[in-house]
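Each chain is listed here by its residues.
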Amino acid sequence: MPINWKNKAIDLSAKLKELNVSTKDLPPDSVVITGFAELTPLGNTTETEQAELVGRSGTKKIDAKNFRTNIGAPIDFRPEEHFSEKELRGMSRLGAMGIVLSREAGRMAGVIGEDGKLLPSLDPLLAACTISSGIGASTKMVDLYIKVFWKKDPNTGELKPIDPLVGSSLVSPFIGLQLFPEEVGGDIESFLGLQGWGMNSSEACTTGLSSIVDAYQLIKSGKNAIVFAGGVEDTLHEHPELSISIFAAMRGPLSARNDEPEKASRPFDKDRDGFVLAAGGGVLVLERLDFARARKAKIYAVVLGAEKGSDGYSPTNLNTNRVAKLILKTIKLPDTQEGLTYPIDSIFAHATSTKSGDLAEITTLRTVFGNEILRKIPITANKSMHGHTAGGAGAINAVSAIRAIQKGFIPPILNLDNIDEPFKDLNLVRGKALEGDFDTALILAYGFHGKDAVLLLGKYEKTENHF
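A quick note: this is a predicted structure, and the numbers were derived from the prediction, not measured.

Reading the values: rules and limits
Residues numbered from 1 in each chain as written. Predicted model: local features only at pLDDT ≥ 70, side-chain atom pairs only at ≥ 80, totals over all residues. Heavy atoms only, no water. Helix = DSSP H or I, 4+ residues; strand = E, 2+ residues; numbered from the N terminus. Rg over C-alpha atoms; globule rule 2.2 N^0.38 Å. Buried < 20%, exposed > 50% of the residue type's maximum accessible area, 1.4 Å probe, protein only. Contact = heavy atoms within 4.5 Å. Areas by Shrake-Rupley, 256 points an atom, 1.4 Å probe, with all protein chains shown as cover. Patch = residues over 30% accessible without salt bridge, like charges linked within 9 Å, V, L, I, M, F, W, Y side chains within 5 Å. Salt bridge = Lys/Arg side-chain N within 4 Å of Asp/Glu carboxyl O. Axes fitted to C-alpha atoms, helices over the stretch in contact; angles between N-to-C directions. Parallel < 35°, antiparallel > 145°, perpendicular 65-115°, else oblique. Left-handed = near helix turned anticlockwise from the far one by under 90°. Pairing = 2+ DSSP bridges. 1 Å grid on protein atoms, 1.4 Å probe; cavity = no way out; pocket = protein on both sides within 12 Å on 5 of 7 lines; lining within 4 Å. Points joined across faces, edges and corners; volume = space filled by probe spheres on them. Nonpolar A, V, L, I, M, F, W, Y, C, P; charged D, E, K, R; others polar. Expected span 1.5 Å × (residues − 1). Bend = angle between axes of the 7 residues up to and from the residue. Core = buried A, V, L, I, M, F, W, Y, C linked by side-chain atoms within 4.5 Å. Arc of directions from axis to C-beta. Phe/Tyr/Trp six-rings, centres within 6.5 Å; stacked < 30°, edge-to-face > 60°. Disulfide = S-S within 2.5 Å.

Undergrad: Help me out: how do you make sense of the overall build of the protein chain in this one?
TA: Helix and strand counts for the protein chain come out as 17 helices and 15 strands. A compact globule built from 467 residues should have a C-alpha radius of gyration of about 23 Å, and the protein chain, at 23 Å, falls within 12% of that. Taking the principal axes of its C-alpha atoms as reference, the protein chain extends roughly 75 × 65 × 50 Å. The buried share among the 467 residues of the protein chain stands at 54%. Within the protein chain, contacts between residues at least 6 apart in sequence are counted, and of these 76% link residues at least 24 apart. Carbon and sulfur atoms provide 53% of the accessible area of the protein chain, an area that totals close to 21,400 Å².

Undergrad: Even after reading the chapter, I still don't get a nonpolar patch on the surface, so can you show me in this structure?
TA: Judged by side-chain polarity, Leu16, Leu19 and Val21 come together as a nonpolar surface patch covering roughly 230 Å² of accessible area. By the element assignment, valine 21 lies in the loop between helix H2 (13–19) and strand E1 (31–39). Under the relative-accessibility criterion, valine 21 is labelled partly exposed at 35%.

Undergrad: Just checking my understanding: could you explain the packing of helix H13 (residues 320–331) against helix H14 (residues 355–374) for this structure?
TA: Describing two packed helices takes the angle between their axes plus the distance from one axis to the other. At a minimum axis distance of 9 Å, the contact between H13 and H14 shows a crossing angle of 50 degrees. Here H13 is positioned oblique relative to H14, judged by the angle of their axes. At the point where H13 passes H14, the crossing takes the right-handed sense. Mapping the contact onto sequence places Thr320, Asn321, Val323, Ala324, Ile327, Leu328 and Ile331 in H13 and Ala360, Thr363, Thr364, Leu365, Thr367, Val368 and Phe369 in H14.

Undergrad: Mind showing me how you'd approach the pairing of strand E8 (residues 280–288) here?
TA: Consecutive side chains along a regular strand alternate between the two faces of the sheet. By the criterion of burial, E8 is predominantly enclosed, with nine of the nine residues buried. Burial along E8 is two-sided: the face carrying Gly280, Gly282, Leu284, Leu286 and Arg288 and the face carrying Gly281, Val283, Val285 and Glu287 are both buried. Two elements, strand E7 (residues 226–233) and E8, share eight bridges in a ladder whose sense is antiparallel. Bridging from a neighbouring strand, valine 227 pairs with leucine 286 of E8.

Undergrad: What am I meant to see in empty space enclosed by the protein here?
TA: Empty pockets left among the atoms are what a rolling probe the size of a water molecule brings to light. According to the stated counting rule, one finds two cavities of 30 Å³ or more in the structure shown. The space that makes up the largest cavity amounts to roughly 100 Å³. Every residue lining the largest cavity is listed: Ser92, Arg93, Leu94, Gly136, Ala137, Thr139, Lys140, Asp234, His237 and Glu238. Residues of the lining of the largest cavity, tallied by class, amount to two nonpolar, four polar and four charged. Size it by volume and the second largest cavity reaches roughly 40 Å³.

Undergrad: It is not clear to me how the sheet that holds strand E11 (residues 379–380) should be interpreted in this structure. Could you clarify?
TA: Strand pairing within a sheet occurs via backbone hydrogen bonds; the two strands may be parallel or antiparallel. Pairing in this open sheet of nine strands is mixed, and the strands run E4-E7-E8-E1-E9-E15-E14-E10-E11 from one edge to the other. Since the sheet does not close on itself, it has two edges, and those belong to strand E4 (127–129) and E11, each with one partner. Running over the sheet, helix H10 (residues 207–220) touches E1, E7, E8, strand E9 (301–310), strand E14 (440–447) and strand E15 (451–458) and is turned about 170 degrees from E7.

Undergrad: Any chance you could explain H14 here in plain terms?
TA: Because the α-helix completes a turn every 3.6 residues, residues three or four places apart line up on one side. A rise of 1.5 Å per residue sets the reference length of H14, with its 20 residues, at 28 Å; its end C-alpha atoms lie only 20 Å apart and thus fall more than 12% short of the reference. At valine 368, H14 shows its largest bend, some 85 degrees. When we look at burial in H14, the residues that qualify are Asp358, Ala360, Glu361, Ile362, Thr364, Leu365, Val368, Phe369 and Leu374. Considering only its buried residues, H14 is in contact with H13, strand E10 (347–348), E11 and E14.

Undergrad: Explain the nonpolar core here, please?
TA: Nonpolar side chains in soluble globular proteins generally cluster together in the buried interior. Grouped together as the largest cluster of nonpolar side chains are 40 residues, with contacts concentrated most on Phe268, Ile327, Ile347, Phe369, Ile379, Leu428 and Leu442. Counting only elements with at least two residues in this core, the list comes to helix H12 (289–294), E9, H13, H14, E14 and E15. Of all the elements, H14 adds the most residues to this core, at six residues. Setting aside its immediate chain neighbours within four residues, isoleucine 347 contacts Leu365, Phe369, Leu374, Ile377, Pro378, Ile379, Thr380, Leu442 and Leu444.

Undergrad: I keep staring at helix H6 (residues 140–149) and nothing clicks. Help me out?
TA: Those residues of H6 lying buried are Lys140, Leu144 and Val148. Viewed end-on, H6 has its buried residues packed into an arc of 70 degrees, placing them on one side of the element.

Undergrad: Sorry, what's going on with the packing of aromatic side chains here?
TA: Geometry of an aromatic ring pair is reported as the spacing of the ring centres plus the angle between the planes. Going through the model one piece at a time under the given rule, you end up with three aromatic pairs. Between phenylalanine 83 and phenylalanine 191, the aromatic rings sit 5.7 Å apart at their centres with planes inclined by 85 degrees, giving edge-to-face as the arrangement. Of this pair, phenylalanine 83 sits in the loop between strand E3 (71–72) and helix H4 (85–88) while phenylalanine 191 sits in helix H9 (residues 183–192), placing them 108 residues apart in sequence. Neither phenylalanine 83 nor phenylalanine 191 differs from the other in exposure class; each is buried.

Undergrad: I would appreciate a short explanation of the packing of helix H3 (residues 45–54) against helix H16 (residues 393–407) in the present structure.
TA: Between H3 and H16, the least distance of the axes is 12 Å, while the angle of their chain directions is 70 degrees. The angle between the axes of H3 and H16 places the two elements in the roughly perpendicular class. Residues Thr45, Thr48, Glu49 and Glu52 of H3 touch H16, and the partners they reach there are Ser400, Arg403 and Lys407. Here the residues of the contact of H3 with H16 are counted per class, giving no nonpolar, three polar and four charged.

Undergrad: Explain the pattern of salt bridges to me, please; I cannot follow it from the model alone.
TA: Working definition: two side chains of opposite charge can pair if their charged atoms are close together. One pass over the structure, following the stated rule, counts 25 salt bridges. Across the pair lysine 223 and aspartate 25 runs a salt bridge, and its minimum N-O distance is 2.8 Å. Of this pair, lysine 223 sits in the loop between H10 and E7 while aspartate 25 sits in the loop between H2 and E1, placing them 198 residues apart in sequence. What makes lysine 223 partly exposed here is its relative accessible area of 26%. Look at the salt bridges and you will find they share partners, linking Asp29, Arg288 and Asp290 into a network.

Undergrad: Is there a simple way to think about the state of the cysteines in this case?
TA: Between two cysteines, a covalent bond joining their sulfur atoms is known as a disulfide. Considering all chains together, one arrives at zero disulfides under this definition. Residue cysteine 129 stays outside any disulfide, its sulfur separated by 20 Å from that of cysteine 205, the closest cysteine. By relative accessible area, cysteine 205 is classed as buried at 12%.

Dropping the structure here:
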């Protein structure tokens, strides 16, 4: 017979009161964005905005050990300007970047104090982090390997083999903290004082946008009131030849326009020859609407829809029909007849500048909207400026979309000199930024192994009466 759990229950109500613990989730509410920050090859948040407005490339020559590709889009980031030597011992550059961006976004949102921590007036159990990285600090394994198995001759600089037992004794206990995949989110939670239901999901080049979708779901489900979401990547600082050689081995993904770095990334252009590997990241603060209103916070955008999924198709190719379904689920109008969707005023494409990727993405959008509707929607591709920041790309794209809604401009696609035939009927933003009143922005992200994410943002001022 079934167990009567109430008869066997343990009464811990006094302990719950003592620890000030609530076992009930928050009721459903709308999700808004109250803060954001980014670090890109174009600079910090303000510098990136200015560069996107005029259209400027962050790609340059890098030392990639004479590979076929020796260009990239690195960032200017100095962790020592933000942290003490002691703090940096157990922290990777990636973790440092995540903390700095989270604090900047949190201060904009008004939830982080001057001490860099969550305000005492906010419940840390309702504040969380989903920020992650697609590649992480994996290049540090090279230095770890060298330290364990090799020793540099002080006179010649030549590496000579040593006993691994001796080498391993020289390894800092902090190195593991920098290498573990949860390090970025863990550092952010620790330094900001976040204790809510966090997540750490590495989903290749979808990671940054996927993290935002996860944050949205955590708030909608009532688990959190505030979530720091986004993605960061730093593949070009230490051993850039590793990341470049991995993509170069795939024969095609990377551009080899080494003589004209700033013209290398050219989504939808007939002469595109691959993407430009980049570093950088972005962080958004997502918040329950009632919390934001109670704090009288400035609301930069409202999340109208957010979905993610897996293709179940191919390690590298896009399943266009599967992603089309994902987009339709994201943009559908709630509580209306089947088939009605939000109007789409702008599309911030994933558009990496590869032959197959660009075509698959537009094929997906044609499947969703049809040619007649799609050709009316402005489409941009900011990887033409930033390069491909992998795990940071989706979050950076989301920040650009927020600016479109807030400040009324969509950045242009650089280097779109000769539009490829399949894209000639599209409303591709090029030449200069497109100015106007944009109420919605659709953001797309795709990654290896069929990881996909879609986000629809709306102008809060135009929708607040509906909540």
